[in-house]
Amino acid sequence: MSNSVQTQNILTTTSGSATGNGFKCRDSGTSFDISLSGTGALTATVVIEATNGGAWHEIATTVLSGTGSDSDGFSNTGTWAMVRARTTAISGTNAAVNVYMGGSL
């Protein structure tokens, strides 16, 4: 039996204060790919949160900064029912953040 990796865009925003919807966590091997794009000097702070049905808990924070683009990624080994992404800051001309979650089904 083979597992295929599935990806889901969990947040796309140009806002410095945006919270995405909660998405069912794929498995305990969930990974996140976070990218920032725009023109000139850019910066963004992105928080990944998780819940098992109660309060949302911060499981990672990344600060992206660069000229034209930047990206980061990480894996989560915890088992959570739902995850979401949110931005706490974003700046730069046409700055946009995309957050993708991946894992096997």
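Structure: above.
Reading the values: the criteria
Residues numbered from 1 in each chain as written. Predicted model: local features only at pLDDT ≥ 70, side-chain atom pairs only at ≥ 80, totals over all residues. Heavy atoms only, no water. Helix = DSSP H or I, 4+ residues; strand = E, 2+ residues; numbered from the N terminus. Rg over C-alpha atoms; globule rule 2.2 N^0.38 Å. Buried < 20%, exposed > 50% of the residue type's maximum accessible area, 1.4 Å probe, protein only. Contact = heavy atoms within 4.5 Å. Areas by Shrake-Rupley, 256 points an atom, 1.4 Å probe, with all protein chains shown as cover. Lys, Arg positive; Asp, Glu negative; His and termini not counted. Charge placed at Lys NZ, Arg CZ, Asp CG, Glu CD. Phe/Tyr/Trp six-rings, centres within 6.5 Å; stacked < 30°, edge-to-face > 60°. Core = buried A, V, L, I, M, F, W, Y, C linked by side-chain atoms within 4.5 Å. Salt bridge = Lys/Arg side-chain N within 4 Å of Asp/Glu carboxyl O. Pairing = 2+ DSSP bridges.

Engineer: Teacher, can you tell me more about the overall build of the protein chain here?
Structural biologist: Each helix and strand counted, the protein chain has zero helices and six strands in total. Along its sequence from the N terminus, the protein chain presents helices and strands in the succession β-β-β-β-β-β. Relative to the 2.2 N^0.38 estimate, which gives 13 Å for 105 residues, the radius of gyration of the protein chain is 14 Å and therefore close to what a compact globule would have. Within the span of the protein chain, comprising 105 residues, buried residues form 35% of the whole. Sequence separation of at least 24 residues holds for 77% of the intrachain contacts in the protein chain that already meet a minimum separation of 6. Approximately 5,400 Å² of the protein chain is accessible, and the part contributed by carbon and sulfur atoms is 46%. Taking the average place of the 4 positive charges on the side chains of the protein chain and the average place of its 6 negative ones, the gap between the two points comes to 12 Å.

Engineer: How should the packing of aromatic side chains be read in this particular structure?
Structural biologist: Aromatic ring pairs are described here by two measures, namely the spacing of the ring centres and the angle between the planes. Evaluation of the coordinates by the stated rule reveals one aromatic pair. Pairing Phe32 with Phe74 gives two aromatic rings, centres 5.0 Å apart and planes at 25°, and the pair type is stacked. Of the two residues, Phe32 sits in strand S4 (residues 30-51) while Phe74 sits in strand S5 (residues 57-76), which places them 42 residues apart along the sequence. Taking relative accessible area as the criterion, Phe32 reaches 3% and is therefore assigned buried.

Engineer: Just to check I follow, could you spell out the nonpolar core for this structure?
Structural biologist: Across soluble globular proteins, nonpolar side chains have a tendency to be buried as a group. Membership of the largest hydrophobic core comes to 20 residues, with the highest contact counts inside it found for Leu36, Ile48, Val97 and Val99. When contributions to this core are tallied by element, the ones reaching two or more residues are strand S1 (5-13), S4, S5 and strand S6 (82-104). Here the element with the most residues in this core is S4; it accounts for eight residues. Once you skip the residues sitting within four places of it in the chain, Leu36 turns out to touch Leu42, Thr43, Ala44, Leu64, Ser65, Gly68, Ser69, Asp70, Ile90, Ala95, Ala96 and Val97.

Engineer: Is there a simple way to explain the pattern of salt bridges in this structure?
Structural biologist: Between side chains of opposite charge, pairing is possible as soon as their charged atoms come close. All chains considered together, the criterion is met by two salt bridges. Note that Glu49 is salt-bridged to Arg84, the shortest N-O span being 2.6 Å. Note that Glu49 is positioned in strand S4 and Arg84 in strand S6, a separation of 35 residues in sequence. A relative accessible area of 18% places Arg84 in the buried class. Between Arg86 and Glu49 there is a salt bridge; the shortest N-O distance is 2.7 Å. Of the two residues, Arg86 sits in strand S6 while Glu49 sits in strand S4, which places them 37 residues apart along the sequence. With relative accessibility at 22%, the residue Arg86 sits in the partly exposed group. Using a relative accessible area of 6% as the deciding quantity, one classes Glu49 as buried. Each member of the salt-bridge network shares a partner with another, and the members are Glu49, Arg84 and Arg86.

Engineer: What am I meant to see in the pairing of S4 here?
Structural biologist: Looking along a regular strand, one sees side chains alternate from face to face of the sheet. One ladder, built from 18 bridges, connects S4 with S5; its direction is antiparallel. By the bridge assignment for S5, Ser35 is matched with Ser71. The turn linking S4 back onto S5 is made up of five residues, and Gly53 within it adopts a positive phi angle of 120°.

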